[in-house]
Amino acid sequence: MTAAAPSAAQGSRGGRGPRPNPRHVAIIMDGNGRWAKKRFLPRAMGHKKGVEAVRALVRSLRDNPVEALTLYAFSTENWGRPADEIADLTALMKHFIRNDLDEIAEAGVRLKIVGDHSAFDEEAVALIDGAVTRTAGNTGTTLAIALNYGAQAEIVRAARAAAAEGEITEEAIARHLDTADMPPLDLLIRTSGEVRLSNFLLWQAAYAELYFTDVLWPDFTPAHFAEALDHFAGRERRYGGR
Ligand code: IPE
Ligand code: IPE
Ligand code: MG
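Computed from a prediction, not measured in an experiment: that's the story for all the values here. Counting of residues starts from 1 at the beginning of each chain's written sequence and follows it residue by residue. A letter from A marks each chain and a number from 1 marks each ligand, given out in the order of writing. Only residues with pLDDT of 70 or above have their local features reported here, since the model is predicted, and side-chain atom pairs are shown and tallied only from 80 upward, although totals for entire chains, interfaces and linings are computed over all residues. As a convention, hydrogens and water are excluded, and side-chain values are obtained from all of the structure's heavy atoms.

K.L.:
Please give an account of helix α3 (residues 43–60) that cites residues and values.
P.N.:
Between its terminal C-alpha atoms α3 stretches 26 Å, which fits the 26 Å expected from 18 residues at 1.5 Å a residue. Buried means the residue's accessible area, taken with a 1.4 Å probe over protein chains only, is under 20% of the maximum for its type, while exposed means over 50%, and partly exposed covers the values in between. Secondary structure is summarised from DSSP: a helix means a run of H or I of at least four residues, a strand means a run of E of at least two, and numbering begins at the N terminus for each. Those residues of α3 that sit buried are Gly46, His47, Gly50, Val51, Ala53, Val54, Arg55, Leu57, Val58 and Ser60. Here, expected helix span is obtained from the residue count minus one, scaled by 1.5 Å.

Here it is, written out as structure tokens:
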């Protein structure tokens, strides 16, 4: 390999030569319901297993480090689900923070929320705010959880803020997105075989590599994540003997 590796900034923009690890990966964690259905279990069990997949993935960042990981946990459209499912998801979120925050904080992870989490109940909001504050000074991976997130609403908010400041430019909008302090999105993964973006990171995905897998989210392991990173690096094509 004689050619210089492209810089991280060029990494997501295509071009030839091996690419570095993605700086910012986002995941649409889909398929919890189908995972449960296949096993004749209640949907809540699929969500519970889904949280376990999140835990394993976050732990694995020690071996597969990325600067930023954004996880789609609850969309603005998910309010349309039955109240008991929303209650199950909220309870799981609280449990995750209570149970995992120490480990996450000690691993140097900085937690961040994209979307408007103030729509959840008071206890959830307090737990989330506490977790964000506690990890704010950490310098490891930024773990952004998308909660009550919708990309179109985010773009509208950012455009309004940009207009209030003066001119609406690409830079001004980008500066007001919820992800403004994160590296550019390099790789967007969706599990469960659905091939759509479901109102996730529409602006940020402009130059991202898209990776779709049939694996249902509760079955998604750190090895699957590593496969997606390999795909991003283009290893299969680079070493194919051409
Ligand atoms: C993703 O799994 C989790 C959330 C949207 C919260 P789903 O609940 O959408 O699972 P499927 O798509 O019904 O299988
Ligand atoms: C997207 O999945 C939202 C999350 C993973 C949180 P959905 O299951 O809600 O999306 P659709 O309904 O299939 O588009
Ligand atoms: Mg789904």
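K.L.:
Give me the lowdown on the site of ligand 1, citing residues and values where you can.
P.N.:
Around ligand 1 sit 13 residues in total, of which Asp30, Gly33, Arg34, Arg43 and Arg81 are the nearest. Side-chain atoms alone can form a polar contact between residues adjacent in sequence; in general such a contact is a pair of N or O atoms within 3.5 Å, and within protein one must be able to donate a hydrogen while the other accepts it. In the model, an oxygen atom of ligand 1 is placed 3.4 Å from a nitrogen or oxygen of the Gly31 main chain. In this structure, Arg81 approaches ligand 1 through a side-chain N or O atom, which is 2.7 Å from an oxygen atom. For every accessible area listed, the method is Shrake-Rupley and the probe measures 1.4 Å; residues are considered covered only by the protein chains on display. Within the complex, the protein chains bury 86% of what would otherwise be the 380 Å² of accessible surface of ligand 1. Secondary structure elements with two or more residues in the shell around ligand 1: α2 (32–38), α3 and α4 (83–106). The biggest single contributor to the shell around ligand 1 is α2, with 3 residues. Just so you know the grouping, Ala, Val, Leu, Ile, Met, Phe, Trp, Tyr, Cys and Pro go in nonpolar, Asp, Glu, Lys and Arg go in charged, and all remaining residues, Gly too, go in polar. Of the residues in the shell around ligand 1, the class split is 3 nonpolar, 5 polar and 5 charged. Any residue with a heavy atom positioned within 4 Å of a molecule or strand is treated as near that molecule or strand.

K.L.:
Let's hear about helix α8 (residues 222–233): which residues, and what values?
P.N.:
The terminal C-alpha atoms of α8 lie 16 Å apart, and with 12 residues this matches the ideal 16 Å at 1.5 Å per residue to within 8%. Following α8 by one or two positions, Gly234 adopts a phi angle in the positive range, close to 75°.

K.L.:
Break down the pattern of salt bridges for me, with residues and values.
P.N.:
Think of a salt bridge as a Lys or Arg side-chain nitrogen and an Asp or Glu carboxyl oxygen that are within 4 Å of each other. Throughout the structure, instances matching the rule amount to 18 salt bridges. In this structure, Arg190 and Asp30 form a salt bridge, with 2.8 Å as the shortest nitrogen-oxygen distance. A residue pair is termed long-range when its members are at least 10 positions apart, and Arg190 in strand β5 (residues 187–190) and Asp30 in the loop between β1 (24–28) and α2 qualify at 160 residues. Each member of the pair, Arg190 as well as Asp30, carries the same accessibility label: buried. Put simply, Arg196 and Glu194 hold a salt bridge, and the shortest N to O gap is 3.3 Å. You can call Arg196 partly exposed: its relative accessible area is 45%. Salt bridges here are not isolated pairs; linked through shared partners, they connect Asp30, Arg34, Arg190, Glu194 and Arg196.

K.L.:
Describe in detail the packing of aromatic side chains, supporting the description with residues and values.
P.N.:
Centre distance within 6.5 Å is the pairing criterion for rings of Phe, Tyr and Trp, where only the six-membered ring of Trp is used; planes under 30 degrees apart are then read as stacked, over 60 as edge-to-face, and the remainder as tilted. The final tally for this structure, using the stated rule, is 7 aromatic pairs. Measuring from centroid to centroid gives 5.2 Å for Phe74 and Phe120, while their planes differ by 75°, and the two rings are edge-to-face. Here Phe74 is found in strand β2 (residues 68–75), whereas its partner Phe120 is found in the loop between β3 (110–114) and α5 (122–135), with 46 residues between them in sequence. What makes Phe74 buried here is its relative accessible area of 3%. On the accessibility criterion, Phe120 (7% relative accessible area) is buried. Taken together, a centroid distance of 5.1 Å and an interplanar angle of 20° make the contact between Trp217 and Phe220 stacked. What makes Trp217 buried here is its relative accessible area of 1%. An aromatic cluster is built from Tyr72, Tyr149 and Phe200, whose rings are joined through pairwise contacts.

K.L.:
Hey, could you go over the nonpolar core for me, with residue numbers and the actual values?
P.N.:
Val25, Ile27, Leu69, Leu71, Ile189 and Phe225 are the most contacted members of the largest nonpolar core, which has 42 residues in total. Counting residues per element, this core draws most heavily on α4, at 8 residues. For this analysis, residues touch if any pair of their heavy atoms sits within 4.5 Å. Once you skip the residues sitting within four places of it in the chain, Leu71 turns out to touch Ile27, Met29, Val54, Leu57, Leu143, Ala144, Ile145, Ala146 and Phe200. Residues Val114, Ala146, Tyr149 and Leu201 belong to the second largest nonpolar core, which totals 16 residues. For this analysis, a nonpolar core means a set of buried residues of the types Ala, Val, Leu, Ile, Met, Phe, Trp, Tyr and Cys, connected via side-chain atoms within 4.5 Å.

K.L.:
So what about the site of ligand 2? Which residues, and what values?
P.N.:
Ligand 2 sits among Ile28, Met29, Asp30, Tyr72, Ala73, Phe74, Asn78, Arg81, Arg190, Arg196 and Ser198. Contacts to ligand 2 include Arg81, whose side-chain N or O atom sits 3.3 Å from an oxygen atom. At 2.7 Å from an oxygen atom of ligand 2 is found a side-chain nitrogen or oxygen belonging to Arg196. Out of a free accessible area of 390 Å², ligand 2 has 77% covered by protein chains. Sort the elements by how many residues they give to the shell around ligand 2 and β2 lands first, with 3 residues.

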